[in-house]
Every structure is written in C-alpha cells, then in structure tokens.
Amino acid sequence: ETILVAEDEEPVRKIVVRILEKQGYRVLEADQGESALRKSEQTPDPVHLLLTDTVMPKMNGKELAQKIKKTRPKIKVLFMSGYPQEVLARQGTLDPGIHLLQKPFTADELARKIRQVLDGR
C-alpha cells in the first residue's frame, strides 16, 4: 500500500517515513500541502492513504485532503496534530468524526492507527 505523508516539520516527517517504510509501506514524502498535491498528481499508481499534519504553512491538512479527494476520491485520510481535536474542530481546521492521531505518538500507535484507517475500522 502507498501512503502520502505531508508534514512540514522535517524531523517528524523523517521519523514517520522511516517507521512506515519499516512496516512495508511505499511512502511518498512531502514537506507541505502544495508539494503533496504535486506528488499525488505525478503518481500514476494508487495512493491508499494521505497522512497529513493539520497545521502547515499556506495550505492546512483539511484543505489538502479536500483537493486530493477531487482526483483520488477513494483515498483514506489520517490527520496528525499536536493540538487537541476539540480545538481543531472549534477553529474549523478539522471536521468532527475524522481520523486523528495526536502528537507525540509511538511507532506502534502510528502503525495501529494507519492499519485501522486503511482497513476502514
């Protein structure tokens, strides 16, 4: 399965990519929303999951997910954030009921949540 990771903080992104690759996923790496959109457009193969930070410069995770879903309507989305879900919902950054992984997280928590979202649970 292929996962597109959009995270503007390089140390976080590098760790996430390394964890996912060790789990056997094919990983596309992007440092912001616009580069994630380009990667999605340039990849002819299916992308099964978008793993995106909620707060990034220029384009937040919600906007990125909405744009990618226009060309990849079946893509699953998992948001990650250091902000509580209630705060993000109040700000309009995230809709209620989305999949959210709170930072900081462990490699096991990331792997479990990815599998849960991909399996539709």
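The structure we're discussing is the one just above.
Draft legend 1. How the structure looks around the pairing of strand 4 (residues 76-81). Along strand 4, five of the six residues are buried, which leaves the element largely enclosed by surrounding structure. With helix 3 (residues 61-71) bridging strand 3 (residues 49-53) and its parallel neighbour strand 4, the resulting β-α-β unit is right-handed.

Draft legend 2. Main features of the sheet that holds strand 1 (residues 2-6). Strand order in the open sheet formed by five strands is 2-1-3-4-5, and the pairing between neighbours is parallel. In this open sheet, the two strands that pair with only one neighbour each are strand 2 (26-30) and strand 5 (100-102). Across the sheet, the mean angle separating the axes of adjacent strands is 20° when strand polarity is ignored. Of the pairings in the sheet, the one linking strand 3 to strand 4 comprises five bridges and is parallel in character.

Rules and cut-offs
- Counting restarts for each chain: residues are numbered from 1 in the order of the written sequence.
- Two thresholds apply to this predicted model, a pLDDT of at least 70 for residue-level local features and 80 or more for giving and counting side-chain atom pairs, whereas whole-chain, interface and lining totals are computed over all residues.
- In computing side-chain values, all of the structure's heavy atoms are included and hydrogens and water are not.
- The buried label goes to any residue with under 20% of its type's maximum accessible area, the exposed label to any with over 50%, and the partly exposed label to all in between, with areas taken from a 1.4 Å probe on protein chains only.
- Counting from the N terminus, the helices are DSSP H or I runs at least four residues long and the strands are E runs at least two residues long.
- By convention, a crossover is right-handed whenever its connection, traced from the first strand over the helix to the second and viewed with the strands pointing away, goes clockwise.
- For two strands to be treated as a pair, DSSP must find no fewer than two bridges joining them.
- Interaxial angles span 0 to 180 degrees and are taken between N-to-C directions of axes, which are lines fitted to C-alpha atoms, for helices over the stretch in contact.

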